[in-house]
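# Notes for the structure review
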Amino acid sequence: MSEDVAGVPCPACGTPNPPDRRFCRRCAAPLTPTTAPAPLPWWRTIWPLRRRTRAGSGRMVRFLVVLAVVLALCAGGFLLLPAGRHLIEDTRDKLGKAKAVTAARVEASAEVPGHPVGDSTDGLSNRYWGAPGPSASVTYTFAKPFRLVAVIITNGASSSPEDYAKQARALQIDLEVTARDGRTVHKKLALSDKPGPQTFPTGISDAMTIRLTLDAPAGSAPDRHLALAEVEFFQRS
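Residues numbered from 1 in each chain as written. Predicted model: local features only at pLDDT ≥ 70, side-chain atom pairs only at ≥ 80, totals over all residues. Heavy atoms only, no water.

### Considerations on the overall build of the chain
Looking only at helices and strands, the chain features 3 helices and 10 strands. Reading the chain from its N terminus to its C terminus gives the helix and strand order β-β-α-α-β-β-β-β-α-β-β-β-β. The buried share of the chain, reckoned over its 237 residues, is 32%. Of the roughly 14,900 Å² of accessible surface on the chain, 59% is carried by carbon and sulfur atoms. (Helix = DSSP H or I, 4+ residues; strand = E, 2+ residues; numbered from the N terminus. Buried < 20%, exposed > 50% of the residue type's maximum accessible area, 1.4 Å probe, protein only. Areas by Shrake-Rupley, 256 points an atom, 1.4 Å probe, with all protein chains shown as cover.)

Put into structure tokens, the structure is as follows:
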């Protein structure tokens, strides 16, 4: 092998090599050794960013962008679903304040003389709407739709313990709310047989009319009728 070769010396043994060789003709060492990769910046040393990626690949960037888009679509879809909307409205009910709302019109299917249905919304708990028996109903119509957050019912003839049991009272009330678009929501309100106001959270949007139907009477007698002292409706302020 001729030693009279001009070229770049081998970095390992110093032997000159022709310019077109990739490995040393004597020790087979690489003539163009690869340089060591540059150290990673400090933020790339934290998991999960500490994994190296090939230069220019952009796979991690594309992955993060796609992930962000998917998460945004999922969040938007959740908010558009009924369950998502109900969760948001219920949260607003709990965080907001409630104020009383008065019906523009009150109508009953029946009432006993001397105890008109208007007494159920007069603000006085010692006067009551008298119904001849179960299945009697009262319908409250409102001037504009609102978010019904709660109903407070004072059952019986009075909130006074002495006068409460003088008449029969309904221990269950079927509540039917009709929304502005005609959609109806039904709830059964189970009342305790005791004087005083009882609160029932509702959480129903766009209420326009509310019908209460009396059921499950207690304290019935031939000379008694069903008494409902007061009904109060509350909207989100």
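Right, picking up where we left off after that structure.
### Topic: the nonpolar core
Counting 30 residues, the largest nonpolar core has Ile210 and Phe233 as its most contacted members. Of all the secondary-structure elements, those providing two or more residues to this core are β5 (129–131), β6 (137–155), β7 (169–179), β9 (197–218) and β10 (226–236). A total of 7 residues in this core trace back to one element, the largest contributor, which is β6. When near neighbours in sequence (up to four residues on either side) are disregarded, Phe233 contacts Lys99, Ala100, Val101, Tyr140, Phe142, Leu148, Ala150, Val151 and Ile210. (Core = buried A, V, L, I, M, F, W, Y, C linked by side-chain atoms within 4.5 Å. Contact = heavy atoms within 4.5 Å.)

### Observations regarding the state of the cysteines
For the structure on display, the rule yields 0 disulfides. A disulfide-free cysteine, Cys24 has its sulfur positioned 3.6 Å from the sulfur of Cys13, the nearest such atom. (Disulfide = S-S within 2.5 Å.)

### Some thoughts on a nonpolar patch on the surface
A cluster of nonpolar side chains, namely Phe63, Leu64, Leu67 and Leu71, defines an oily patch on the protein surface of about 390 Å² accessible area. Structurally, Phe63 is set in helix α1 (residues 59–80). (Patch = residues over 30% accessible without salt bridge, like charges linked within 9 Å, V, L, I, M, F, W, Y side chains within 5 Å. Salt bridge = Lys/Arg side-chain N within 4 Å of Asp/Glu carboxyl O.)

### Some thoughts on the packing of aromatic side chains
The tally for this structure, following the rule as stated, stands at 3 aromatic pairs. Measuring from ring centre to ring centre gives 5.0 Å for Tyr140 and Phe233, while their planes differ by 65 degrees; the resulting arrangement is edge-to-face. Taken together, the positions of Tyr140 in strand β6 and Phe233 in strand β10 put the pair 93 residues apart, joining distant regions of the chain. As far as the burial class goes, Tyr140 and Phe233 line up, both buried. Each member of the aromatic cluster is reached from another via a ring pair, and the members are Tyr140, Phe142, Phe146 and Phe233. (Phe/Tyr/Trp six-rings, centres within 6.5 Å; stacked < 30°, edge-to-face > 60°.)

### Notes on unusual backbone geometry
Only a minority of non-glycine residues have a phi that is not negative, and only a minority of peptide bonds are not trans. Positioned with a positive phi, Asp206 is a non-glycine residue whose angle comes to about 60 degrees. Among the secondary structure elements, Asp206 is positioned in strand β9. Positioned with a positive phi, Ala216 is a non-glycine residue whose angle comes to about 50 degrees. Tracing the chain through its elements places Ala216 in strand β9.

### Thoughts on the environment of Phe234
Its place among the elements puts Phe234 in strand β10. Residue classification places Phe234 among the buried residues on the basis of a relative accessible area of 17%. Each C-alpha atom, one on Phe234 and one on Val101, is 5.5 Å from the other, the two residues being 133 residues apart in sequence. With near-sequence residues (within four places) excluded, Phe234 lies in contact with Ala98, Lys99, Ala100, Val101, Phe146, Arg147, Leu148, Val149, Ala150 and Ile152.

### Re the side chain of Thr202
In this fold, Thr202 is placed in strand β9. A polar contact of 3.2 Å, which involves the side chain of Thr202, links it to the backbone nitrogen of Ala150. Every residue in contact with Thr202, bar those within four places of it in the chain, is listed here: Leu148, Val149, Ala150, Val151 and Lys187. (Polar contact = N/O pair within 3.5 Å; in protein donor to acceptor, adjacent residues only side chain to side chain.)

### A short note on the pairing of β9
Two elements, β6 and β9, share 12 bridges in a ladder whose sense is antiparallel. Paired with Val151 across the two strands is Phe200, which belongs to β9. Judged from the 10 bridges that link them, β7 and β9 form a sheet pairing that is antiparallel. For Arg169, the partnering residue across the bridge sits in β9 and is Ala218. (Pairing = 2+ DSSP bridges.)

### Overview of the pairing of β6
Most of β6 is tucked away, with 15 of its 19 residues classed as buried. In this structure, strand β4 (residues 105–108) lies alongside β6, joined through 4 bridges in antiparallel fashion. Bridge pairing links Ala108 to Val138 in β6. Inspection of the sheet shows β6 paired to β10 by 7 bridges, in the antiparallel sense. Its bridge partner lying in β10, Val151 is registered against Phe233.

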